[in-house]
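These are the residues of each chain, in order.
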Amino acid sequence: KDLYLSGGVYLGGTGAANKLDDYEEGTWTPSLTFGGNSSGMVYDTRSGFYTKVGNIVHATMYISLSNKGTSTGDASIGGLPFTSASGNNLSAGSISFNLVSFADFPMIVVVNGVTVISLRELQNDGTFDFLNNANFANSSNMIYTVSYTAA
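Scoring rules and cut-offs
Residues numbered from 1 in each chain as written. Predicted model: local features only at pLDDT ≥ 70, side-chain atom pairs only at ≥ 80, totals over all residues. Heavy atoms only, no water. Helix = DSSP H or I, 4+ residues; strand = E, 2+ residues; numbered from the N terminus. Buried < 20%, exposed > 50% of the residue type's maximum accessible area, 1.4 Å probe, protein only. Contact = heavy atoms within 4.5 Å. Phe/Tyr/Trp six-rings, centres within 6.5 Å; stacked < 30°, edge-to-face > 60°. Salt bridge = Lys/Arg side-chain N within 4 Å of Asp/Glu carboxyl O.

**Description of the environment of Val111**
If you trace the backbone, Val111 turns up in the loop between strand 9 (105–110) and strand 10 (116–122). Given the relative accessible area of 29%, Val111 is considered partly exposed. Along the backbone, Val111 and Tyr148 are 37 residues apart, and their C-alpha atoms lie at a distance of 9.9 Å. Ignoring any residue separated from it by four or fewer positions in sequence, one finds Val111 in contact with Ser84, Val116 and Ser118.

So this is what it looks like as structure tokens:
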């Protein structure tokens, strides 16, 4: 019926790289901040789910605001379920915004060595800028999904 292994299982070979010894699913609570703060911010809904296999984390989140508050500065999402790897941490994700303004192409970047996603905009000239409080409305909502390497 159920199989429990205390040390892990080898898939496709017996080398160390073939050993699966970490699998986890769970929930987390994402937090939107502007300049690292969230004064007066009120959420309608916020939720997050994750699956971790080895050191790869796949996280999804939904945030719906009823008031963006009075904080100013660059926008970020905090509270990822695991600290990201430092160095060459590659992350990929997708975004769905409603009532968030931007001119070119929105992007999310998992910041190295912390539990934070930076919200940015890739501009037509190839440079990027940070989204900030001015890009958001009191009733903004967002869906994100991201995969990243955990520390």
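Past the structure itself, the notes keep going.
**Focus on the packing of aromatic side chains**
This model, assessed by the stated rule, comprises five aromatic pairs. Relative to Phe82, the ring of Tyr50 has its centre 5.3 Å away and its plane inclined at 85°; by these criteria the two rings are edge-to-face. You can see Tyr50 sitting in strand 5 (residues 42–53) and its partner Phe82 sitting in the loop between strand 7 (75–78) and strand 8 (92–100), a full 32 residues away along the chain. The exposure classification of Tyr50 matches that of Phe82, with both residues buried. Both rings, one in Phe97 and one in Phe102, keep their centres 5.7 Å apart while their planes meet at 55°; by these two values the pair is tilted. Residue Phe102 is classed as partly exposed on the basis of its relative accessible area, which comes to 33%. Put simply, the rings of Phe97, Phe102 and Tyr144 touch in pairs and so form one group of aromatic residues.

**Details of the pattern of salt bridges**
In total, this model carries one salt bridge according to the counting rule given. A salt bridge links Lys52 to Asp22; the nearest nitrogen and oxygen atoms lie 2.3 Å apart. Taken together, the residues Lys52 in strand 5 and Asp22 in the loop between strand 2 (19–20) and strand 3 (23–28) connect sequence positions 30 residues apart. Exposure remark for Asp22: the relative accessible area of 23% places this residue in the partly exposed category.

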